[in-house]
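Inside the fold
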Amino acid sequence: SGTGLRHELRLFFPAGMTMEVPRAIGNAWGMTFENLRVYQAAVLLDELVMALIAVIPPGNYREIDQLKRAVASLRHNIAEAHGCEQPGRKGNHLEIARGSGDEVRSILIRFGSCQVLDQRQIDKPCVLARTIAKMLTSWLRTLGRSYRHSCCSPMPAVRAAVQCRSPVPQSSAEVLCRSSVPQS
């Protein structure tokens, strides 16, 4: 064309239509959320979780539904944070994404504890979810947010039980998988 700009991006549409985007405009767009490493990791986690859901036996509908919602929330909030210009809104979406990633890990750990899934099945997605949480925490720190909250310290009752050496359940699986029916 006569503008003197070198075209860097060419978009293709159905019916053979194309659109060229000049370099000046193409560079102004910056990186899209799909190119973020943390988003790509969230996509991989989503794929791993969906593959696991396919092998979970019937009878776990509520946890499966919650797992699907949490992994979707993780992905979507990363994308939404990327699009936010206001640091406060961006930080809120990143914190929600981090919480969703922790929720995914928590549900998978419960499935492992209850022997719905084998430990080897949940290892890779749990490590990936933890890695994503670290990436999101790092991003939050660039916004000036600290992730040291009082909610992260042990509950007073747990501290008291540890200090008094009171009896604790034999395994965490007993606590996690105990049915709501009273034991006799």
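This one's a predicted model, so the numbers in the text were calculated from it and none came from an experiment.

A few words now on the packing of helix H2 (residues 37-53) against helix H5 (residues 119-142). Between H2 and H5, whose axes approach to 10 Å, the crossing angle comes to 155°. By the angle between their directions, the pair H2 and H5 is classed as roughly antiparallel. You can see that H2 and H5 cross each other, and the crossing is left-handed. In contact with Arg37, Val38, Ala41, Ala42, Leu44, Leu45, Leu48 and Leu52 of H2, H5 contributes Gln121, Lys124, Pro125, Leu128, Ala129, Ile132, Met135, Leu136 and Trp139. A per-class count over the contact of H2 with H5 returns 14 nonpolar, one polar and two charged.

Moving on, we get to the packing of aromatic side chains. In total, this model carries one aromatic pair according to the counting rule given. Arranged with centres 4.9 Å apart and planes meeting at 80°, the rings of Phe33 and Tyr39 form a pair that is edge-to-face. Its relative accessible area of 26% is what places Phe33 among the partly exposed residues. Given a relative accessible area of 10%, Tyr39 falls into the buried group.

Here we take up the layout of surface pockets. Estimates place the volume of the largest pocket at around 170 Å³. Lining the largest pocket are Met31, Asn35, Leu36, Arg37, Val38, Met135, Ser138, Trp139 and Thr142. Sorting the residues of the lining of the largest pocket by element identifies H2 and H5 as the ones contributing at least two each. Element by element, the count of residues in the lining of the largest pocket is highest for H5, at four residues.

Right, let's get into helix H4 (residues 87-113). For the α-helix, the turn length of 3.6 residues means that residues three or four positions removed from each other point alike. The terminal C-alpha atoms of H4, which comprises 27 residues, lie 38 Å apart, in line with the 39 Å expected from a rise of 1.5 Å per residue. Phi turns positive, to about 60°, at Gln115, one or two residues after H4.

Here we come to the environment of Leu128. Structurally, Leu128 can be placed in helix H5. Residue Leu128 is classed as buried on the basis of its relative accessible area of 15%. Spatially, the C-alpha atoms of Leu128 and Leu48 are 9.7 Å apart, while their sequence positions differ by 80 residues. Apart from residues no more than four positions distant in its own chain, Leu128 is found in contact with Ala41, Leu44, Leu45 and Leu48.

This paragraph deals with the confidence of the model for the protein chain. Should pLDDT be low for a region, the predicted coordinates there are not to be read in detail. Averaged over every residue, the pLDDT of the protein chain is 76; residues scoring 70 or more account for 62%. Below a pLDDT of 50 lies the segment residues 1-8, which in the model reaches ten contacts outside its immediate sequence neighbourhood of four places, other chains included. Confidence drops under a pLDDT of 50 for residues 23-28, and excluding neighbours within four residues, the segment shows four contacts in the predicted structure.

A word on the nonpolar core. In this structure, Leu45, Ile78, Leu108, Ile132 and Leu136 are the most contacted members of the largest nonpolar core, which totals 35 residues. Every element with two or more residues in this core is listed here: H2, helix H3 (61-83), H4 and H5. Top element by residues in this core is H2. It accounts for nine residues. The residues touching Ile132, leaving out its near neighbours within four places in the chain, are Val38, Ala41, Ala42, Leu45 and Leu74.

Rules behind the numbers
- Residues numbered from 1 in each chain as written.
- Predicted model: local features only at pLDDT ≥ 70, side-chain atom pairs only at ≥ 80, totals over all residues.
- Heavy atoms only, no water.
- Axes fitted to C-alpha atoms, helices over the stretch in contact; angles between N-to-C directions.
- Helix = DSSP H or I, 4+ residues; strand = E, 2+ residues; numbered from the N terminus.
- Parallel < 35°, antiparallel > 145°, perpendicular 65-115°, else oblique.
- Left-handed = near helix turned anticlockwise from the far one by under 90°.
- Contact = heavy atoms within 4.5 Å.
- Nonpolar A, V, L, I, M, F, W, Y, C, P; charged D, E, K, R; others polar.
- Phe/Tyr/Trp six-rings, centres within 6.5 Å; stacked < 30°, edge-to-face > 60°.
- Buried < 20%, exposed > 50% of the residue type's maximum accessible area, 1.4 Å probe, protein only.
- 1 Å grid on protein atoms, 1.4 Å probe; cavity = no way out; pocket = protein on both sides within 12 Å on 5 of 7 lines; lining within 4 Å.
- Points joined across faces, edges and corners; volume = space filled by probe spheres on them.
- Expected span 1.5 Å × (residues − 1).
- pLDDT = per-residue confidence, 0-100.
- Core = buried A, V, L, I, M, F, W, Y, C linked by side-chain atoms within 4.5 Å.

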